[in-house]
Amino acid sequence: MSGVPGSVLLAGGGTAGHVSPLLALADCLRRRDPDVRVTALGTAQGLEARLVPERGYPMLEVPRVPFPRRPGAALLRLPGNLRRAVAAAEEAIESTGAEVVVGFGGFVASPAYLAARRRKVPVVVHEQNARPGLANRLGARVAAEVGVTFPGTSLPGATVTGMPLRHEIATLDRAAHRAEARERFGLTDAPTLLVTGGSLGAARLNAAFAGAVHELSAAGVQVLHVTGAGKEFDPGPVPGAPYVVLPYCDRMDLAYAAADLVVARAGANTVCELTAVGLPAVYVPLPVGNGEQRLNAAHVVEAGGGLLVDDAAVDPAWVGSAVVPLVTDTGRVAAMATAAASVGERGGDELLADLVVRAAGRR
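Right, let's get into the sheet that holds strand S10 (residues 243-246). Read across the open sheet, the 6 strands follow the order S10-S9-S8-S11-S12-S13; overall the sheet is parallel. Because the sheet does not close on itself, it has two edges, and the strands there are S10 and strand S13 (306-308). The average angle at which neighbouring strand axes cross in this sheet is 15°, direction not considered. Judged from the 3 bridges that link them, strand S11 (residues 261-264) and strand S12 (residues 281-283) form a sheet pairing that is parallel. Residue pairing across strands places valine 263 opposite valine 282, the latter belonging to S12. Of the strands in this sheet, strand S8 (192-196), S11, S12 and S13 are in contact with helix H13 (residues 316-327), which crosses S11 at around 150°.

Okay, here's the thing in structure tokens:
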């Protein structure tokens, strides 16, 4: 017996940071028990509306319920919106026969936690960021089990599971797939930089590297630049090493295999994927929010596997003066790769699945 409950409802969405660990856990539960019924709870507007069905899982919709941070009309509408969302989540629990509800934060999670409490269904919370969001601070109060990605995350009774990662990332052997990956993207055998702002792109990174295309190419640095959909640009003819621009990459495992160094935001999923596969990175945290991205990267930076750079410092001149010397220093890049791998966790999906099994046993 796998111990996996017969039906599990996974609640999370809005961004890839919520959807990716949700799908990784879903895949893990299905590997443990192919007969498990896994259903996602999401909104029509979030990435989950596309990504969940593409992975082969059904999704039930709940109304999007943002929590206003300031007084106003949106705050007055909150109670009614929340009641409707909780009712939709209760209906999902009832229709799927869910034995455990697992929440990953975001707009969908709070209604799911409240509905599960009313239905007396065990809740498992997974917090991706070093600094927890409002939904998961609420969920942790009613949860049977709480998993966190980073040590020191301030949620009561938390177990450090790391981030549930896609199986192709968690099992990636970069060296074994490097030649295949570089051929796929039209790259050669040269120092290789991956630039990515995540699924939505990063305007600051895109502008900085677009302005340094010729300098990078002339220095012998080839670049795979994932800009975000609708934000791609034409690098034009380059004098030396290739500069490849993609709006979106559906094989990030091969993008990682191709790269020697990454420049990226410091979303929790990005940090965890890069450390799991042993990729050094220059992290440029978002300058907005509650500072969680800087905290997400703190452990790998402290270990020597990454660098932190302020968003305001990123421009074409910085690319030439800081990034080019780093990516062409093979000894330093190799040492950073070893340090990054030392803090990586490849088994986050299995560890979180263990919490799901444990929570189901308490019902």
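Another point: the pairing of strand S5 (residues 123-127). Within a regular strand, the side chains alternate between the two sheet faces. Buried residues dominate S5, accounting for 5 of its 5 residues. In this sheet, S5 lies alongside strand S4 (residues 100-103) in parallel orientation, the contact comprising 3 bridges. Counted as the bridge partner of valine 101 is valine 123 from S5. Relative to strand S6 (residues 145-148), S5 is paired through 4 bridges, and the arrangement is parallel. Its bridge partner lying in S6, valine 124 is registered against glutamate 145. Chirality of the crossover, the property in question, places the unit of S5, helix H5 (residues 134-142) and S6 among those that are right-handed.

This part covers the packing of aromatic side chains. Evaluated as defined, the whole model comprises 2 aromatic pairs. Between phenylalanine 233 and tyrosine 243, the aromatic rings sit 6.1 Å apart at their centres with planes inclined by 50°, giving tilted as the arrangement. Here tyrosine 243 lies in strand S10 and phenylalanine 233 lies in the loop between strand S9 (222-226) and S10, a separation of 10 residues in the sequence. For phenylalanine 233, a relative accessible area of 22% corresponds to the partly exposed category. Looking at tyrosine 243, the relative accessible area reads 8%, which means it is buried. Positioned above the aromatic ring of tyrosine 248 is the side chain of arginine 50, whose terminal nitrogen or guanidinium carbon lies 5.9 Å from the ring centre.

Here we come to the pattern of salt bridges. Counting across every chain of the model gives 18 salt bridges. For arginine 32, the salt bridge identified is with aspartate 354, shortest N-O distance 2.7 Å. Residue arginine 32 is located in helix H1 (residues 16-32), and its partner aspartate 354 is located in helix H15 (residues 348-361); the two are separated by 322 residues in the primary sequence. For aspartate 354, a relative accessible area of 39% puts it in the partly exposed group. A salt bridge links aspartate 253 to arginine 251, with the shortest nitrogen-to-oxygen separation between them at 2.8 Å. Owing to a relative accessible area of 7%, aspartate 253 belongs among the buried residues under this scheme.

Two numbers describe how helix H11 (residues 268-277) lies on helix H12 (residues 292-303): the axes approach to 9 Å, and their chain directions differ by 20°. One finds that H11 runs roughly parallel with respect to H12. The element H11 and its partner H12 pack so that their crossing is left-handed. Residues Ala268, Val271 and Thr275 of H11 form the contact with H12, whose participating residues are Asn296, Ala297, His299 and Val300. Each residue belonging to the contact of H11 with H12 can be placed in one class, and the counts come to 4 nonpolar, 3 polar and no charged.

Procedures and definitions
Residues numbered from 1 in each chain as written. Predicted model: local features only at pLDDT ≥ 70, side-chain atom pairs only at ≥ 80, totals over all residues. Heavy atoms only, no water. Pairing = 2+ DSSP bridges. Helix = DSSP H or I, 4+ residues; strand = E, 2+ residues; numbered from the N terminus. Axes fitted to C-alpha atoms, helices over the stretch in contact; angles between N-to-C directions. Contact = heavy atoms within 4.5 Å. Buried < 20%, exposed > 50% of the residue type's maximum accessible area, 1.4 Å probe, protein only. Right-handed = clockwise from strand over helix to strand, strands pointing away. Phe/Tyr/Trp six-rings, centres within 6.5 Å; stacked < 30°, edge-to-face > 60°. Lys NZ or Arg CZ within 6 Å of the ring centre and 35° of its normal. Salt bridge = Lys/Arg side-chain N within 4 Å of Asp/Glu carboxyl O. Parallel < 35°, antiparallel > 145°, perpendicular 65-115°, else oblique. Left-handed = near helix turned anticlockwise from the far one by under 90°. Nonpolar A, V, L, I, M, F, W, Y, C, P; charged D, E, K, R; others polar.

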